[in-house]
Amino acid sequence: MTQAPAIELKGISKAFGPVQANKDINVRVMPGTIHGIIGENGAGKSTLMSILYGFYKADAGEIFVAGRKTDIPNSQAAIAAGIGMVFQHFKLVQNFTVLENVILGAEDGPMLRPSLARARGVLKQLSEDYELSVDPDQLIENLSVGHQQRVEILKALYRQADILILDEPTGVLTPAEADHLFRILDGLRAQGKTIILITHKLREIMEITDTVSVMRRGGMTATVKTAETSPEQLAELMVGRKVLLQVHKTPARPGAPVLQIDDLRHTDRHGVERLRGVSLTVHAGEVLGIAGVAGNGQSELLEAIGGCVDASGSILLNGKALPLSGPGSDGAARRAAGIAHVPEDRQTEGLIMPFTAWENTVFGYHRDPACQTGPLMNNAAIKQQAQDKMTRYDVRPPNPALAARNFSGGNQQKIVLAREIERDPDVLLIGQPTRGVDIGAIEFIHKEIIRLRDAGKAILLVSVELDEIFALSDRIAVMFDGKIMGERAPESTDQTELGLLMAGVTASQAGDPIAAVDASLHQKERREARAHD
Amino acid sequence: MDLLTLLQVLDSTVRLATPLLLACLAGLFSERSGVFDIGLEGKMLAAAFASAAVAALTGSVWIGLLAGIGAAVFMSLIHGLASITFRGNQLISGVAINFLASGLTVLIAQDLFGQGGRTPSLIGAGRFEPITLPFAEALSGVPVLGPIYADLISGHSILVYVAFAMVPLSWWVLFRTRFGLRLRAVGDSPEAVDTAGVSVAGLRYGAVLICGLLCGLAGAYLATGLQAGFVREMTAGRGYIALAALIFAKWRPVHALWACLLFGLLQAVALRYQNIHLGGITIPVQVMDALPYILTVIILAGFVGKAIPPRAGGEPYVKER
């Protein structure tokens, strides 16, 4: 091949203090291809891309863009070199229009009017070329996440980027939106653009990339042609050992209903009704999976059952009604009643990050007699218990005196799980159990959930990862806009059907799915906007 | 109420609103860039003192004005250094500036002039004199419009006209120029500005400098236009009232004008009508004097609609890892 690589990195290294985030990275990205970079959290993908975009300066190594050695000391230099970046968390000004966001930092002159006029024309052309249609005069805060992402792509294209880096782009999208994104990326590739796709989802890598590089612990372990590899091989390269991608489980043997929820409603403090009459039943010995795009009431459902927010309606635990507001409706009361809660956001709700691991293993249960001597806490006993739990749950490093923030995402999650499961609850509420957790730990956590199910617990699982929902659930309920859209058995449904339900479209409307999805999302946004006024 | 009285009250409204308006616009630039500034009061006070002292010493109000602007800009840079470069707490830095100005002005005034912390009264070229606009005399005979032009519009010092001209100018800068776009962006989403390759600190320093300049004008007007010299604490909470007006105006220049005129009107009414007799009840002068502050409390307590400050306001920008 005589063509120069679009990007070539030679010997890139970067350390943050004692942590070697990138070591001696070498990679070539050929022009006109989609190049995947896959690796676990903390493998150094984001650091590497930040170096490429001028956010950090590499300690050593060289960057070549289109064959020329290029220094990228800041984002401006990256933009000048034709590199555009779509961050995982969008960098958009919420109260600006699409047009204003696109020209910000790339204005033609000191006056806005000519820049805006030119950008309007360019945007029209780009949206026709690449299926990137978005209303240029709409405020960002009124756009759906998928559209906001398009604005980020348009920003990069407006700056004439030839190389587009996307960091975990599908994390916030519905399956339909993700498909649309992949069509856009396909179109960009056809026009000769080079795309670097950072992800931890093996399925996306297999679906769309030409080449894939695998990172592990700051190093680049391999670069292979996608067509010549398999998910199993990639997973092994990421983790460094064989990984079970499939959860092995026997069919559930559901027992009596343990958790019965009827017409549960909750209105948040902005006046938006987040739960609009949710009714569910979870039996002993089964996993009920709640699928849905983030922000459709799943968080509030967990919080309402877990006693974090007030609600109306009814919740029966083993046939006994739980108070939903007022005294006895808080988290402590729910824990005492036998509902354990692994919250969605372990860093703000599950753990107190600056506190030690042993302290974190006892929160919520610190009044347990086993943890106390008289009015004082029995720290020696708590530490001993913590040590036991950490060994049993394979928390690494198994050091209870370390602050929670010093553990990796997966190990933090294991600490929360150890705390909640060890009390032998009747019901386990578990939100996003493997968000930001590496593949090795995912395997462990999934096995643990199935073990609990087989021990006869009722498990309510909320996850935005459809793969996870399919792998663990015995029944799947889909939430959209505060309501249950429907319940399916995992073996009699597929990603497409669930994807439509997640966008609020039922089978009867599915004649023109794309129009129905748009209409339903629009309706939801209008309802929320009205409540805000 | 006859036309003449009305005109007199409105005339005094305009003069009293001027320092509020300048300070309000100063705060608008700073806060739109994401730097909260409760140090408006201190900057105005420092500028008032510096302009009066220098005008008294040199006999030139223009040199005094420059000194006033210099003092306020210097204070702004301290605030910028603390809150932008060193990422300190913006409220604490602002409070520090208020204390600093309150103490320093009196101390230096006493040291320089020995008149109990005030400057000598300014006379002649040491003050901004009212400007009579063209044809004011000739047109004053025309019914209604004549007196409005001659008494209300004409006859203010140059800084009053500057202040009112600043309203459309600020709007134009904020909403029609590249600088304004970036300034508004950095107050809402500094990371978007940063990733677009524009310096967050540079923009914020620019905004803070403009804030200093406008505070300087406000302070200089207080000591050399509205009054003839500096007395201790002469700003009398105008910096805070300007902040209240800013929130009332929801950080928009034209609305700031109306908000400041409203506060100016309340102050003018309090000045003009000492005790108001309503049937059997007499409203004492203290109530009237307190009105602007009462309104401030009401506004700050959030009774006047929902005011959403710039999203990144008060937060130092730290590049995420």
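Residues numbered from 1 in each chain as written. Chains lettered and ligands numbered in written order. Predicted model: local features only at pLDDT ≥ 70, side-chain atom pairs only at ≥ 80, totals over all residues. Heavy atoms only, no water.

As recorded in an unreviewed UniProt entry, chain B goes by the name Simple sugar transport system permease protein, listed as coming from Salipiger aestuarii. Heading Subcellular location (unreviewed entry) of the UniProt record for chain B holds this comment: "Cell membrane". (UniProt positions renumbered as here; feature names shortened; annotations may be inferred.)

As recorded by an unreviewed UniProt entry, chain A carries the name Simple sugar transport system ATP-binding protein and is attributed to Salipiger aestuarii. As recorded by UniProt, the Subcellular location (unreviewed entry) comment attached to chain A reads in full: "Cell membrane".

Asker: Help me understand helix 6 (residues 175–190) of chain A in this model?
Answerer: Given 3.6 residues per turn, any residue in an α-helix points the same way as the ones three and four places further on. Residues and elements named next belong to chain A. Compared with an ideal rise of 1.5 Å per residue, which puts 16 residues at 22 Å, helix 6 spans 23 Å between its outermost C-alpha atoms and is within 8% of the ideal. In the core, the buried residues of helix 6 are packed alongside strand 3 (34–39), helix 4 (112–130), helix 5 (145–158), strand 7 (163–167), strand 8 (194–199) and helix 7 (202–208). The positive-phi residue at the C-terminal boundary of helix 6 is G192, with phi of around 90°. (Helix = DSSP H or I, 4+ residues; strand = E, 2+ residues; numbered from the N terminus. Expected span 1.5 Å × (residues − 1). Contact = heavy atoms within 4.5 Å.)

Asker: Looking at this structure, I do not really get the sheet that holds strand 15 (residues 320–321) of chain A. What am I missing?
Answerer: Working definition: the strands of a sheet are paired by backbone hydrogen bonds and lie parallel or antiparallel to each other. All names here are of chain A. Taken in spatial order, the 4 strands line up as 12-11-14-15 in an open sheet, and their pairing is antiparallel. The open sheet has two free edges, formed respectively by strand 12 (273–283) and strand 15, since each of these has just one partner strand. Relative to strand 12, strand 11 (residues 257–267) runs antiparallel, the two sharing 8 bridges. In the strand pairing of strand 12, R265 is matched with R276. In the packing of helix 9 (residues 298–306) onto the sheet, the strands contacted are strand 11, strand 12 and strand 14 (312–317), and the crossing angle to strand 12 comes to about 65°. (Pairing = 2+ DSSP bridges. Axes fitted to C-alpha atoms, helices over the stretch in contact; angles between N-to-C directions.)

Asker: Would you mind going over unusual backbone geometry with me for this structure?
Answerer: Most of the time, phi is negative for any residue but glycine, and the peptide bond is trans. All names here are of chain A. Positive phi values are uncommon outside glycine, yet D263 reaches one of about 50°. One can find D263 in strand 11. Phi at Q432 takes a positive value of approximately 40°, unusual for a residue other than glycine. Summarising the element assignment, Q432 is placed in the loop between strand 19 (427–431) and helix 15 (439–454). Q432 sits in the buried class, given a relative accessible area of 4%. (Buried < 20%, exposed > 50% of the residue type's maximum accessible area, 1.4 Å probe, protein only.)

Asker: Help me understand the sheet that holds strand 8 of chain A, please; the structure alone is not making it clear to me.
Answerer: Residue and element names in this part refer to chain A. If you trace the 6 strands from one edge of the open sheet to the other, you get 6-7-8-3-9-10, paired in mixed fashion. Looking at strand neighbours, the two that pair on one side only are strand 6 (83–86) and strand 10 (219–225), the edges of this open sheet. For this sheet the average axis-to-axis angle between neighbouring strands, irrespective of direction, equals 20°. Strand direction decides the pairing type here: strand 9 (residues 211–216) and strand 10, joined by 6 bridges, are antiparallel. Residue T211 lies in a different strand from strand 10, and its bridge partner there is K225. Together, strand 3, strand 6, strand 7, strand 8, strand 9 and strand 10 form the strand contacts of helix 1 (residues 45–52), whose direction differs from that of strand 8 by roughly 150°. Across the face of the sheet, helix 6 comes into contact with strand 3, strand 7 and strand 8 while running at roughly 150° to strand 8.

Asker: Looking at this model, I keep getting lost on a nonpolar patch on the surface. Mind explaining?
Answerer: All names here are of chain B. Taken together, the side chains of L57, F74, I78, L100, L104, L107, I108 and L112 make up a nonpolar region of the molecular surface, amounting to roughly 730 Å² of accessible area. Among the elements that take part in the nonpolar patch, helix 4 (residues 90–113) stands out by supplying 5 residues, more than any other. We classify I78 as partly exposed; its relative accessible area is 31%. (Patch = residues over 30% accessible without salt bridge, like charges linked within 9 Å, V, L, I, M, F, W, Y side chains within 5 Å. Areas by Shrake-Rupley, 256 points an atom, 1.4 Å probe, with all protein chains shown as cover. Salt bridge = Lys/Arg side-chain N within 4 Å of Asp/Glu carboxyl O.)

Asker: Would you take a moment to explain the interface of chain A and chain B for this structure?
Answerer: Interfaces are often sized by the amount of accessible area the parts lose when they come together. Listed per partner, the contact involves 27 residues of chain A and 24 residues of chain B. Counting the surface lost from both chain A and chain B, the interface buries some 2300 Å², and carbon and sulfur atoms represent 56% of this. The interface formed by chain A and chain B contains 3 salt bridges. When the shortest N-O distance is used, the salt bridge between R182(B) and E107(A) registers 2.6 Å. Between chain A and chain B we count 9 residue pairs in polar contact (both at pLDDT 80 or more) in total. Mapped onto the side of chain A that touches chain B, the elements with two or more residues apiece are helix 2 (75–80), helix 3 (98–103) and helix 4 of chain A. The element best represented in the side of chain A that touches chain B is helix 2 of chain A, accounting for 3 residues. (Buried area = accessible area lost by both parts, 1.4 Å probe. Polar contact = N/O pair within 3.5 Å; in protein donor to acceptor, adjacent residues only side chain to side chain.)

Asker: Would you take a moment to explain the pattern of salt bridges for this structure?
Answerer: Side chains that differ in sign of charge can pair as their charged atoms come close. Residues and elements named next belong to chain A. Taken as a whole and assessed by the stated rule, the structure comprises 37 salt bridges over all chains. R265 is the partner of E273 in a salt bridge, and the nearest nitrogen-oxygen pair spans 3.1 Å. Exposure remark for E273: the relative accessible area of 26% places this residue in the partly exposed category. On the accessibility criterion, R265 (31% relative accessible area) is partly exposed. Taken together, the shared-partner salt bridges connect K249, R453, D454 and D474 into one network.

Asker: For this particular structure, what's the right way to read the domain arrangement of chain A?
Answerer: The assigned domain composition of chain A is domain 1 (7–239), domain 2 (257–338 + 425–532) and domain 3 (347–424). Of note, the centres of domain 1 of chain A and domain 3 of chain A, computed from C-alpha atoms alone, are 39 Å apart. (Domains from an automatic or database assignment.)

Asker: Mind showing me how you'd approach the confidence of the model for chain B here?
Answerer: As a general rule, the predicted coordinates of low-pLDDT regions are not to be interpreted in detail. When the pLDDT values of chain B are averaged, the result is 91; 98% of them are 70 or greater. Interface confidence in the predicted complex, given as ipTM, is 0.88; pTM for the same model is 0.79. (pLDDT = per-residue confidence, 0-100.)

Asker: Could you clarify how one ought to interpret the packing of aromatic side chains in this entry?
Answerer: Any aromatic ring pair is given by two values, namely how distant the centres are and how the planes are angled relative to each other. Residues and elements named next belong to chain A. Under the defined criterion, the tally for this structure stands at 9 aromatic pairs over all chains. Between F355 and F363 the ring centres are 5.9 Å apart and the planes differ by 50°, which places this aromatic pair in the tilted class. A relative accessible area of 35% means that F355 is categorised as partly exposed. With a relative accessible area of 25%, F363 lands in the partly exposed category. Cation over ring: K91 sits above F87, and NZ or CZ is 5.0 Å from the ring centre. Directly above the aromatic system of F444 lies the positively charged group of K414, at a separation of 5.1 Å from the ring centroid. (Phe/Tyr/Trp six-rings, centres within 6.5 Å; stacked < 30°, edge-to-face > 60°. Lys NZ or Arg CZ within 6 Å of the ring centre and 35° of its normal.)

Asker: Mind showing me how you'd approach the environment of F99(B) here?
Answerer: Residues and elements named next belong to chain B. One can find F99 in helix 4. By relative accessible area, F99 is classed as exposed at 62%. The spacing of F99 and P19 is 80 residues in sequence and 20 Å in space, taken between C-alpha atoms.

Asker: Would you explain the environment of S314(A) in this entry?
Answerer: Residue and element names in this part refer to chain A. If you trace the backbone, S314 turns up in strand 14. The partly exposed category is assigned to S314, whose relative accessible area is 27%. Along the primary structure S314 and S213 are separated by 101 residues, whereas in three dimensions their C-alpha atoms are 51 Å apart. Setting aside its immediate chain neighbours within four residues, S314 contacts Q260, I261, D262 and L324.

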